[in-house]
Each structure stands twice: as structure tokens, then as C-alpha cells.
Amino acid sequence: MGDAAEARALAHLQAQGLRLVRRNYRVAAGPRARGGEVDLILRDRDGTLVFVEVRARAAATHGGAAASIGAAKQRRLVFAAQHFLAALPTPPPCRFDVVAIDGDRLEWLRGAFDAA
């Protein structure tokens, strides 16, 4: 279900004009610490680098897909994004988006959270 959800999210975002930079960017934090992963990294039309977490649930019960992204998951996404940005000579403006898929319903949440 995860790969299909990512493919659906990517197709939706590309239809909105975003361009794929990287898919499934992973970074390790250390032998006993969890690292992070960004499902999709895209560039928006204005040059903003967009780090996207894709969440899918069969139904919107228990708060739905978007509600499943807690503080710990956000920290891991920010950690992976910081690692990705460290390799760039000049980091562009960035934002964290979420694509939540509940059953057949897809919702794109721009600026879902920030790095703070």
C-alpha cells in the first residue's frame, strides 16, 4: 500500500507543477538512534524545496492519515531534511508538506509543520 500511495501522491503533486528531486531519501542517525526518511522531495514552481511525507490509511478512523504524523515522526523528517540540505551549497526556501490518503480521498497539506 505504501508504494502505491507514494506513486499516487507523486502523480498528484506533479500535476500541480512540482518536479521530483528525490524519492525515499533515508539517513541513519547512529547505531542506537533512529534516523529519518523523506518520502518525496520536490521543487515547487517558485524554487521552494518541498519535503513530503505520504500517509495512507484504508479509512479515516482514529483521526485519519494526517493525524498519524506525531512529533517524533516530524523530528525524524526534519533530521533527514537537514541532512539533505547540508549537501547543497546554498539551501533554498523549504517547507514540509503532507499528503494524506484516507481510502479514496487524497488531501495535500501544504506547510503542514515547520522545522522548529
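Keep in mind it's a predicted model, so treat the numbers as computed, not measured. (Residues numbered from 1 in each chain as written. Predicted model: local features only at pLDDT ≥ 70, side-chain atom pairs only at ≥ 80, totals over all residues. Heavy atoms only, no water.)

(A) Summary view of the nonpolar core. Counting residues in hydrophobic clusters, the biggest one holds 18 residues, and the most contacted among them are V38, I41, L49, F51, F84, F96 and F113. Listed by contribution, the elements that provide at least two residues to this core are β1 (19-27), β2 (36-43), β3 (49-57), α2 (71-86) and β4 (94-102). No other element matches α2, which puts six residues into this core. The contacts of F113, once residues within four sequence positions are left out, are Q74, L77, V78, F96 and V98. L13, L40, V52 and V54 belong to the second largest nonpolar core, which has 14 residues in total. (Core = buried A, V, L, I, M, F, W, Y, C linked by side-chain atoms within 4.5 Å. Buried < 20%, exposed > 50% of the residue type's maximum accessible area, 1.4 Å probe, protein only. Helix = DSSP H or I, 4+ residues; strand = E, 2+ residues; numbered from the N terminus. Contact = heavy atoms within 4.5 Å.)

(B) Looking closely at unusual backbone geometry. Phi is positive for N24, close to 55°, though the residue is something other than glycine. With respect to the helices and strands, N24 occurs in strand β1.

(C) Helix α1 (residues 2-15), seen in detail. In this model α1 runs 20 Å from its N-terminal to its C-terminal C-alpha over 14 residues, within 8% of the 20 Å that 1.5 Å per residue would give. Inspection of α1 places A5, E6, A9, L10 and L13 among the buried residues, and these make up the whole buried set. Considered in projection along α1, the buried side chains sweep an arc of 135° and stay on one side of the axis. Summarising the geometry of α1, the exposed residues directed more than 90 degrees from the buried face are D3, A4 and A15. Lining the buried residues of α1 we find β1, β2, β3, β4 and β5 (105-113). Phi turns positive, to about 100°, at G17, one or two residues after α1. (Expected span 1.5 Å × (residues − 1). Arc of directions from axis to C-beta.)

(D) Representation of the pattern of salt bridges in the model. On inspection of all chains with the given rule, the structure shows seven salt bridges. The salt bridge involving R26 is made with E37; its shortest N-O contact spans 3.5 Å. Of this pair, R26 sits in strand β1 while E37 sits in strand β2, and the two are eleven residues apart along the sequence. Note on R26: relative accessible area 57%, which makes it exposed. Given the relative accessible area of 21%, E37 is considered partly exposed. With a closest N to O distance of 3.4 Å, E107 and R105 form a salt bridge. (Salt bridge = Lys/Arg side-chain N within 4 Å of Asp/Glu carboxyl O.)

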